[in-house]
Amino acid sequence: MATDDFLTHLCRTAAEALSASGVGISVMTDDGTRGVCAASDPLSERVEDLQFVMGEGPCIDAFAARRPVLVADLGGSAVHRRWPSYASAAMQDGIRAVFAFPLQVGAARLGILDVLRHQAGPLTDEQVPLALTFADLTVEVLLDRQVGAGNSDVTHAPAAVDVGHRAEIFQAQGMVMVQLGVSLGEALSRMRAHAYAENRPLDDVARDIVARRLHLDKD
Amino acid sequence: MTTVSAERLAAIFVEAADTLVDDFDLIEFLHMLTERATHLVGAAATGLVMADPRGRLEFMAASDEGARMLELFQLQNEEGPCLEAFTTGQPVINIDLAAAAGRWPRFAPRATSAGYQSVHAFPMRVRERVIGALNVFGDTKGGTFTGADVPIMQALTDIATIGLLQERTISQSEILTEQLQGALNSRIVVEQAKGAVAQACRVTVDEAFAVIRRFARDHNRKLTEVARAITEEPGLAARMIVR
């Protein structure tokens, strides 16, 4: 399933930047979709897939809790109690640390980015922000796929239209969700598509939606 | 300002302790704290921001709409008392806004025109790390903090921090990161739900927040839970207001 060139490249870049042995991206949604979407290498893909086979692991917990699950040492006894099958299997593959970051924007959930390491030990204070930035980038790529924006657009998208952290963007997302009767994730995809098409910052588009100066059309 | 009443202060601590015992809603808790803090020191308004691990400050709670706008204004313009308390890790006390245009050229005039005359800010600290700040606005001249006011407001700020660190074994920075990211994402969920309710009920986003909060209280549900349900159940937003 891991045939995604752009996200595979992103996984490899992230693995290198984070001094990780591998990085994997899984798509997980509220409708029950589960699966590995991209990985930096075959071993990471297999370890990523383990969680779905066994139905347990940091990535599944991070999705459920909607926040990161950072496991600096898979060999710890508390970790072993929490995920007995997964911890043993991952360690057999030589993985000692797993850091799972949700790919989400508020209530809209798209999946998980997992950082895998052969050595036990926490991410540093410099690596945590970097991992979050890779997760944000992945969110943007996945969002733009929903409305069929091509890979060529995606490469320059983050600089042009950041997911952003302005309250208006999230409020507008909720408004578009109700207006168009679509999911929250799709609402944000539509807003981003509109921003690209009009060549405007996402913030401006969101502000106009909240002020009810702009209504996005149904298809 | 007048000296803080020991009874009122005790009542707030008891209320906070009661909340923190159970599985509680952090966003609602922070809103409650900003309201109580405002009332306690006879201030006009209080706002609270928190930072993600990238040091990006995000709005979390405010006692009213005016304070919310001023918090967002500080974040957008990257200047103001909250940013200063966050950056330095030290409280910012008794600043006369009319004389603060040199310090905060954009923020001070904006706060003055919103009717505020003084401002204070207190850092949210976890050991050596600063994770956010609480901002208190005054609307009367001479509304200045004296004596015990400063440690008391710092203590209320520390309660907000404790609220975040609900897992008491916060010995590892990993858990702090997990909690912070979870809290910041909950805030986003609330904003999304505000938008949905604003659209479905034809109210402003600020009215929508009051509607969601009231609904959560009336139905004895957590604020974030209700917000999430609004984003997941089509039609719930439209039923929030009984006309």
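This text follows the structure it describes.
Let me begin by describing the structure that accompanies this report. Model, not experiment: these values are computed from the prediction.

### Section: the packing of aromatic side chains
Logical step 1: For the structure on display, the rule yields 5 aromatic pairs over all chains.
Logical step 2: Taking the centre distance of 6.3 Å and the plane angle of 40° together, the rings of Phe107(B) and Phe137(B) count as tilted. Placement of Phe107(B) in helix α5 (residues 107–113) and of Phe137(B) in strand β5 (residues 129–138) is noted, with a sequence separation of 30 residues between them.
Logical step 3: According to the relative accessible area criterion, Phe137(B) is buried, its value standing at 0%.
Logical step 4: Here Phe122(B) and Phe145(B) contribute two aromatic rings whose centre-to-centre distance is 6.2 Å and whose plane-to-plane angle is 20°, an arrangement assigned as stacked. One end of the pair, Phe122(B), is in strand β4 (residues 118–126); the other, Phe145(B), is in the loop between β5 and α6 (149–164), with 23 residues separating them in the sequence. The same class applies to Phe122(B) as to Phe145(B), namely buried.
Logical step 5: Positioned over the ring face of Phe63(A) is Arg109(A), at 3.9 Å from the centre of the ring.
Logical step 6: For the cation-ring pair, Arg187(B) lies above Phe209(B), with the distance from its terminal atom to the ring centre recorded as 5.7 Å.

### Notes on empty space enclosed by the protein
All names here are of chain B.
Logical step 1: Scanning the entire structure with this criterion turns up 1 cavity of 30 Å³ or more.
Logical step 2: Counted as a void, the largest cavity has a volume near 40 Å³.
Logical step 3: Residue lining of the largest cavity: Leu 33, Ala 37, Leu 48, Leu 134, Leu 156, Thr 157 and Ala 160, and that is the complete set.
Logical step 4: Within the residue set of the lining of the largest cavity, elements represented by two or more residues are α2 (26–40) and α6.
Logical step 5: Per-class residue counts for the lining of the largest cavity are 6 nonpolar, 1 polar and no charged.

Reading the values: rules and limits
- Going along each chain's sequence as written, the residues are numbered from 1 onward.
- Both sets of labels track the order of writing: A upward for chains, 1 upward for ligands.
- Owing to the predicted nature of the model, reporting of local features is limited to residues with pLDDT of at least 70; listing and counting of side-chain atom pairs is limited to 80 or more, with chain, interface and lining totals taken over all residues.
- To get the side-chain values, take all heavy atoms of the structure and skip hydrogens and water.
- When two rings of Phe, Tyr or Trp (its six-membered ring) have centres within 6.5 Å they constitute a pair, described as stacked for plane angles under 30 degrees, edge-to-face for angles over 60, and tilted for the intermediate range.
- A helix here means a DSSP run of H or I that spans at least four residues, while a strand means a run of E at least two residues long, and both kinds are numbered starting from the N terminus.
- Classification of residues uses two cut-offs on accessible area relative to the type maximum, computed with a 1.4 Å probe and protein chains only: under 20% is buried, over 50% is exposed, and between them is partly exposed.
- Any Lys NZ or Arg CZ found within 6 Å of a ring centre and within 35 degrees of that ring's normal is scored as a charge over the ring.
- For cavity detection a 1 Å grid was placed over the protein atoms alone, and a set of points counts as a cavity when a 1.4 Å probe fits there but cannot get out; an open set counts as a pocket when protein lies on both sides within 12 Å along at least five of seven lines, with lining residues being those that have an atom within 4 Å of a point.
- Grid points are joined across faces, edges and corners, and a volume is the space filled by probe spheres set on the points.
- Three classes are used: nonpolar for Ala, Val, Leu, Ile, Met, Phe, Trp, Tyr, Cys and Pro, charged for Asp, Glu, Lys and Arg, and polar for all others, with Gly counted as polar.

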